[in-house]
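Notes for the structure review
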Amino acid sequence: MKTLEGKVALVTGAASKRGMGHAIALRLAGEGADVCVTDKFAAPRSLFPGDAGWGGLDAEAAEIEQMGQKALAMVADIADSKEVDKLVAATVDKLGKIDILVHCAAIRGPVGLPAVELSEKEWRLILEVNTTGAFLVSKAVARHMIARGQGGRILHIASMAGLHGVNGSVAYCVSKYGVIGLVKTLALELGPHKINVNAINPGAIITNLRDETFQKRSQEQGVSWEEAQQADYAMMSKIIPLGRLGKVEEVADLAYFLVSDLSVYITGETVGIGGGII
Amino acid sequence: MLLEGKTAIVTGAAMGIGRGIAARFAAEGAAVVLTDIARDEGEKAAAAIGKTGARAVFVPADVTKNSQVQAMVRRALDELGKLDILVNSAGGVPGLGGNSIDDVSEADWDRILDLNLKSQFLCCKAVIPHMRPRKYGKIVNISSMGAVHPPNSLVHYHAAKAGVMGLTVNLALELARDNITVNAILPGPVRTPFWQPVTKGMKDVEAYFAEVARKEVPMQRIGTPEDIAGVALFLASDLSSYMTGDSLLVGGGLPLPVRP
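Calculation rules
Residues numbered from 1 in each chain as written. Chains lettered and ligands numbered in written order. Predicted model: local features only at pLDDT ≥ 70, side-chain atom pairs only at ≥ 80, totals over all residues. Heavy atoms only, no water. Helix = DSSP H or I, 4+ residues; strand = E, 2+ residues; numbered from the N terminus. Rg over C-alpha atoms; globule rule 2.2 N^0.38 Å. Buried < 20%, exposed > 50% of the residue type's maximum accessible area, 1.4 Å probe, protein only. Contact = heavy atoms within 4.5 Å. Areas by Shrake-Rupley, 256 points an atom, 1.4 Å probe, with all protein chains shown as cover. 1 Å grid on protein atoms, 1.4 Å probe; cavity = no way out; pocket = protein on both sides within 12 Å on 5 of 7 lines; lining within 4 Å. Points joined across faces, edges and corners; volume = space filled by probe spheres on them. Nonpolar A, V, L, I, M, F, W, Y, C, P; charged D, E, K, R; others polar. Pairing = 2+ DSSP bridges. Salt bridge = Lys/Arg side-chain N within 4 Å of Asp/Glu carboxyl O. Buried area = accessible area lost by both parts, 1.4 Å probe. Polar contact = N/O pair within 3.5 Å; in protein donor to acceptor, adjacent residues only side chain to side chain. Axes fitted to C-alpha atoms, helices over the stretch in contact; angles between N-to-C directions. Phe/Tyr/Trp six-rings, centres within 6.5 Å; stacked < 30°, edge-to-face > 60°. Lys NZ or Arg CZ within 6 Å of the ring centre and 35° of its normal. Disulfide = S-S within 2.5 Å.

**Examining the overall build of chain A**
A tally of regular secondary structure across chain A gives 8 helices and 7 strands. At 18 Å, chain A has a C-alpha radius of gyration in line with the 19 Å of a compact globule built from 278 residues. Overall, the C-alpha framework of chain A stretches about 55 × 40 × 35 Å when taken along its three principal axes. Scored against the burial criterion, the 278 residues of chain A give a buried share of 55%. Sequence separation of at least 24 residues holds for 74% of the intrachain contacts in chain A that already meet a minimum separation of 6. Total accessible area computed for chain A in this model is approximately 11900 Å², and 54% of it derives from carbon and sulfur atoms.

Here it is, written out as structure tokens:
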């Protein structure tokens, strides 16, 4: 028997082909869970040549169904409580319940922009999506889990930026500190309901998150996208003890661990995955 | 089966957390050498695992003695053919009692540091030469939540367990390029023979643990060896291939404070 058979998972921020949400949704389906995948856009705009033709949420739901599990694809803005409530209600309606929430949805905001230059508007947007969004989704799902009385697993993707200051990323950093505060408080409040709440702090993982940086560099330096990316990865690999960046599949393995029975006595924790960067 | 075809040494495997880990690894397909100073319990543990159809061999050793560690690892290699996984679970505070700085003699300090820290160093040192050439290895060190968040002073034991975290991050750095990952688990309260000196003479041990769980643990229950074994399995398997040098706190929400 598969270890998540009979479970229903909700995975947010799942539409990008090379994102952690996609890898996690497939990983949980592979372990036997039915999955609702959601994102703000059904098929996010991508700059990466290899993403051409990717069908977004619908393609992902088809992948999950191919694996023999039920799937639901929902477009929702997680920073809007009405949409979040609708999302949770639809998942419960179509898939029967929610046992597992993996909240991946977030935005990165400007990279390398000093705090004194950041606009109020941008600050508010990043906190609204990353921190308020995490609160709204957790709240709606936790209410459902408490009412069902069968426990549950809530997992957030925070960041190592939630543990240290990050030069030029003040809003992102603060937003992830906020997510970790949310996780620790929810763990205390939901522990008696047998709901575990944890976070993953990814280090350098190969995803679509820094596409814009690579596109900019390839234009500036007159090199291909791959060359710009490889140069960057080679530089970063030097400071990573394991000598390479991480893969989304490896984050998905950790996510699986943190929503499975293997980790049933872990709650309120942030688990780093950085190839030795801690 | 997450450990199909893998081999493991688990120290302190006669009882408690070590025994739980050995049993879990065997259930996931690993061949396991259990080692411990307690012969009878160790033989029984290996025999119980063997009955499930898994390969489990007990090799007695005092892991505070280098010659015995070397002999144990040689024997494990003979039995298993190769070494993929080492779990350093041997440890504890025999004679748990007064443990503040005034109560702990130099001899106590040396004994507890040897048992909880030096033993892990010796076992790592003995297995690493066999992992390195194969570019594969998973080392899991059992530390304690008391290393960073002591619920009360146990000065020698908690200092030793903090030392385990130092051993873990340094070895992780040293061995990363050989694809050997080294991680630590920091268990919170877990029901094992570790507690016997505390509960000795108590009329209602269950009531004692229920009270501790209610007052101190956010998840409102005391952990089990199986809770720790699940995490050890994760860190010993390829599910954790991009994690090294990390310390996982496993304490039902501890050290978060329970408040009304």
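**Re unusual backbone geometry**
Note the cis peptide between Leu254(B) and Pro255(B), where omega equals 10°. Along the chain, Pro255(B) turns up in the segment after strand S7 (247-250). Although it is not a glycine, Lys194(A) adopts a positive phi angle of roughly 60°. Mapped onto the fold, Lys194(A) is located in the loop between helix H5 (170-190) and strand S6 (195-202).

**Some thoughts on empty space enclosed by the protein**
The rolling of a water-molecule-sized probe over the atoms marks out the regions of remaining empty space. All names here are of chain A. Within this structure, the stated rule accounts for 1 cavity of 30 Å³ or more. Empty space within the largest cavity amounts to approximately 50 Å³. Among the elements that line the lining of the largest cavity, the one with the most residues is H5, at 3 residues. Of the residues contributing to the lining of the largest cavity, the split by class is 7 nonpolar, 3 polar and 1 charged.

**A look at the pairing of strand S7 (residues 270-273) of chain A**
Residues and elements named next belong to chain A. Of the two faces of S7, the one lined by Thr270 and Gly272 and the one lined by Val271 and Ile273 are each fully buried. Bridging between S6 and S7 involves 4 bridges; their strand directions are parallel. Bridged to Pro202 within S7 is Ile273.

**Section: the pattern of salt bridges**
Per the counting criterion, the structure on display carries 24 salt bridges over all chains. Here Glu211(B) ties to Arg214(B) by a salt bridge, and the two come within 3.4 Å at their closest N and O atoms. A residue pair is termed a helical-turn pair when its members lie 3 or 4 positions apart in one helix, as Glu211(B) and Arg214(B) do in helix H7 (residues 205-216) at 3 residues. A residue is classified by how much of its surface remains accessible, and Glu211(B), at 33% relative accessible area, is partly exposed. Overall, the relative accessible area of 49% leaves Arg214(B) in the partly exposed class. One connected set of salt bridges, linked through shared partners, spans Arg18(A), Asp51(A) and Asp211(A).

**So, the environment of Ala234(A)**
Checked against the element boundaries, Ala234(A) lands in helix H7 (residues 225-237). C-alpha of Ala234(A) to C-alpha of Ser159(A): the two residues are 75 residues apart in sequence and 22 Å apart in space.

**Focus on the interface of chain B and chain A**
On the side of chain A, 37 residues touch chain B, which itself brings 37 residues to the contact. Approximately 2900 Å² of surface area, both sides summed, lies buried where chain B meets chain A, with 67% of it carried by carbon and sulfur atoms. Between chain B and chain A we count 0 salt bridges in total. Put simply, chain B and chain A have 11 residue pairs in polar contact (both at pLDDT 80 or more) between them. Broken down by secondary-structure element, the contributors of at least two residues to the side of chain B that touches chain A are helix H5 (155-175), helix H8 (225-236) and S7 of chain B. Element by element, the count of residues in the side of chain B that touches chain A is highest for H8(B), at 5 residues. Across the side of chain B that touches chain A, the residue classes tally to 22 nonpolar, 9 polar and 6 charged.

**Quick word on the sheet that holds strand S4 (residues 100-103) of chain A**
Residue and element names in this part refer to chain A. On the basis of which strands lie adjacent, the open sheet formed by 7 strands has the order S3-S2-S1-S4-S5-S6-S7 and parallel pairing. Two strands lie at the open edges of the sheet, namely strand S3 (71-75) and S7, each paired on one side alone. On average, adjacent strands in this sheet sit at an angle of 15° to one another, irrespective of strand direction. Together, strand S2 (34-39) and S3 form the strand contacts of helix H2 (residues 56-66), whose direction differs from that of S3 by roughly 170°. Packed onto the sheet, helix H3 (residues 81-95) meets strand S1 (8-12), S2 and S3 and runs at close to 160° relative to S3.

**Considerations on the packing of aromatic side chains**
Under the definition given, this model contains 7 aromatic pairs over all chains. An angle of 80° between the planes, with centres 5.4 Å apart, marks the rings of Trp195(B) and Phe209(B) as edge-to-face. With Trp195(B) in the loop between strand S6 (180-187) and helix H6 (196-199) and Phe209(B) in helix H7, the pair connects residues that are 14 residues apart, well separated along the chain. The burial state of Trp195(B) is the same as that of Phe209(B); both residues are buried. Judged by its relative accessible area of 4%, Phe209(B) falls in the buried class. Put simply, the rings of Tyr157(B), Phe194(B), Trp195(B), Tyr208(B) and Phe209(B) pair up and form one aromatic cluster. When the ring centre of Phe48(A) is taken as origin, the NZ or CZ atom of Arg18(A), which lies over that ring, is 3.8 Å away. Directly above the aromatic system of Tyr136(B) lies the positively charged group of Lys6(B), at a separation of 4.2 Å from the ring centroid.

**Observations concerning the state of the cysteines**
Residues and elements named next belong to chain A. What the rule picks out here adds up to 0 disulfides over all chains. No disulfide involves Cys104; its sulfur sits 13 Å from that of Cys36, the nearest cysteine. Free cysteine: Cys173, not disulfide-bonded; nearest cysteine sulfur from Cys104 at 20 Å. Cys173 sits in the buried class, given a relative accessible area of 7%.

Everything listed here is a matter of coordinates, which is why it stays silent on function.
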